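Overview (structure and organization)
The lines below spell out each chain.
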Amino acid sequence: MNKTRTIFILDAGALFTLQILQFFSLDYYVMIVFQDTWYSRYPNTLFLVLNIVLTLLFYHTFLNCYREYKYERSKKTGDLVECKAKYPVYLNCITWATYVTVLFSKIVMIFSNNVISLVSNDDFMGPQMLKLLIGVSGIVFYLLISAECFGRQVDRDKWPTNACIIEIFDSVEILSIVIASNVKIGYLEYLIYITAFLNFMLPLWVLYNVSQPDVDTKPMGLPQPVCYNFMHLMLVQMPFLGIRMYMWIVFNQNASVFIMKNLLHLLFFLHSLYPYIKEISKKNQYSPETCHDEDVPEILLTNRKHDEPIELL
């Protein structure tokens, strides 16, 4: 067994451990919500089934990546396998979308029922542990995208994977506003849930591009990075900035250093547009319709016969 395959197996074991630890630990907070109700066993049973389904999804996703790895390796040796993968190419996207949906269903249930007030800050499973458990999602995404890049035999640095992980941690920080706030913030709480959910879903763009069959030959086109940065700016960064400024000005909450990150992302977006705008302007300036190359002779179309002399005007 080579070193790369060993790292892949260790990553798979780490992901399964973290995913199971995260979800079953979050179920502890869900149990607190329904502990005094007669139907408490039903949501707990439902989430138990969902945990098992997610574990199976992650297992088949890693198995799919390993089959891709065997196929890519066989192309180099000349002994091709019969098929690349047993499961759909975009299974990683399905897995991540399901994972985020189940995760946020637990988060909303825990936060909206004010479970944090039922546990002490001195408890091991207190508010700080809850934030750490949600932050595990960043590591889960890293291990998932690393497995996909391993299977496809591509360089992970070609995509903004590290930036996606930082954005996940940013979502955890914005969710902590609901925990730390001592006042009722009304509908702003639901805006926090929605924007954080969108931020967790945006890494699907990276997973989708990595899992494309022609990822090695098809370059990343102009619209992809620009559209992603624009969506991230309008759907996540600007709402996050507005929420933090609102909490600071209206409720006198502590200002977060992530305000600077939101502003910096706006600057990054404007700078990322410059090369493409410059390229488009060059194409328009030197296009064949607007620029005549003097080295190329101009061909005149006339009704003159071949043996007739050319009349000069």
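Note that the structure is a prediction, hence the values are computed from the model and not measured. (Residues numbered from 1 in each chain as written. Predicted model: local features only at pLDDT ≥ 70, side-chain atom pairs only at ≥ 80, totals over all residues. Heavy atoms only, no water.)

**With respect to the packing of aromatic side chains**
A complete count under the given rule lists 11 aromatic pairs for this structure. Aromatic side chains Phe16 and Phe62 sit 5.9 Å apart centroid to centroid with 50° between the ring planes, which places their arrangement in the tilted category. Of the two residues, Phe16 is situated in helix α1 (residues 3–33) and Phe62 in helix α2 (residues 41–77); the sequence distance between them amounts to 46 residues. Classification of Phe62 by relative accessible area gives buried; the value is 3%. Seen from their ring centres, Phe104 and Phe200 are 5.0 Å apart, and the 75° between their planes marks the pair as edge-to-face. Of this pair, Phe104 sits in helix α3 (residues 91–112) while Phe200 sits in helix α6 (residues 188–201); the two residues are 96 residues apart in sequence, bridging distant segments of the chain. (Phe/Tyr/Trp six-rings, centres within 6.5 Å; stacked < 30°, edge-to-face > 60°. Helix = DSSP H or I, 4+ residues; strand = E, 2+ residues; numbered from the N terminus. Buried < 20%, exposed > 50% of the residue type's maximum accessible area, 1.4 Å probe, protein only.)

**Topic: the environment of Ala163**
Examined against the element boundaries, Ala163 turns out to sit in helix α5 (residues 161–180). The spatial distance from the C-alpha of Ala163 to the C-alpha of Pro203 is 9.5 Å, given a sequence separation of 40 residues.

**Brief notes about the pattern of salt bridges**
In this structure the tally under the stated criterion is five salt bridges. The salt bridge partner of Lys106 is Asp27, with a shortest N-O separation of 2.7 Å. Of this pair, Lys106 sits in helix α3 while Asp27 sits in helix α1, and the two are 79 residues apart along the sequence. Close ionic contact of Arg244 with Asp170 constitutes a salt bridge, the shortest N to O distance being 2.4 Å. You can see Arg244 sitting in helix α8 (residues 223–249) and its partner Asp170 sitting in helix α5, a full 74 residues away along the chain. (Salt bridge = Lys/Arg side-chain N within 4 Å of Asp/Glu carboxyl O.)

**Here we look at the UniProt feature "transmembrane region" (unreviewed entry) in the chain**
Mapped onto this numbering, the UniProt entry annotates "transmembrane region" (unreviewed entry) at residues 7–26, 46–66, 87–112, 132–151, 190–210 and 230–251. With 100% helix and 0% strand, residues 7–26 has end C-alpha atoms that lie 28 Å from one another. From the first C-alpha to the last, residues 230–251 spans 30 Å; its make-up is 91% helix and 0% strand. (UniProt positions renumbered as here; feature names shortened; annotations may be inferred.)

**Notes on the packing of α1 against helix α4 (residues 127–152)**
With their axes 9 Å apart at the nearest point, α1 and α4 run at an angle of 150° to one another. Of the possible angle classes, the one that applies to α1 and α4 is roughly antiparallel. Between α1 and α4 lies a crossing of left-handed hand. Between α1 and α4, the residues in contact are Thr4, Arg5, Phe8, Asp11, Ala14, Leu15, Leu18, Leu21, Gln22, Ser25, Leu26 and Tyr29 and Met129, Leu130, Leu133, Ile134, Val136, Ser137, Ile139, Val140, Leu143, Leu144, Ala147 and Phe150, respectively. Grouping the amino acids of the contact of α1 with α4 by side-chain chemistry returns 18 nonpolar, four polar and two charged. (Axes fitted to C-alpha atoms, helices over the stretch in contact; angles between N-to-C directions. Parallel < 35°, antiparallel > 145°, perpendicular 65-115°, else oblique. Left-handed = near helix turned anticlockwise from the far one by under 90°. Contact = heavy atoms within 4.5 Å. Nonpolar A, V, L, I, M, F, W, Y, C, P; charged D, E, K, R; others polar.)

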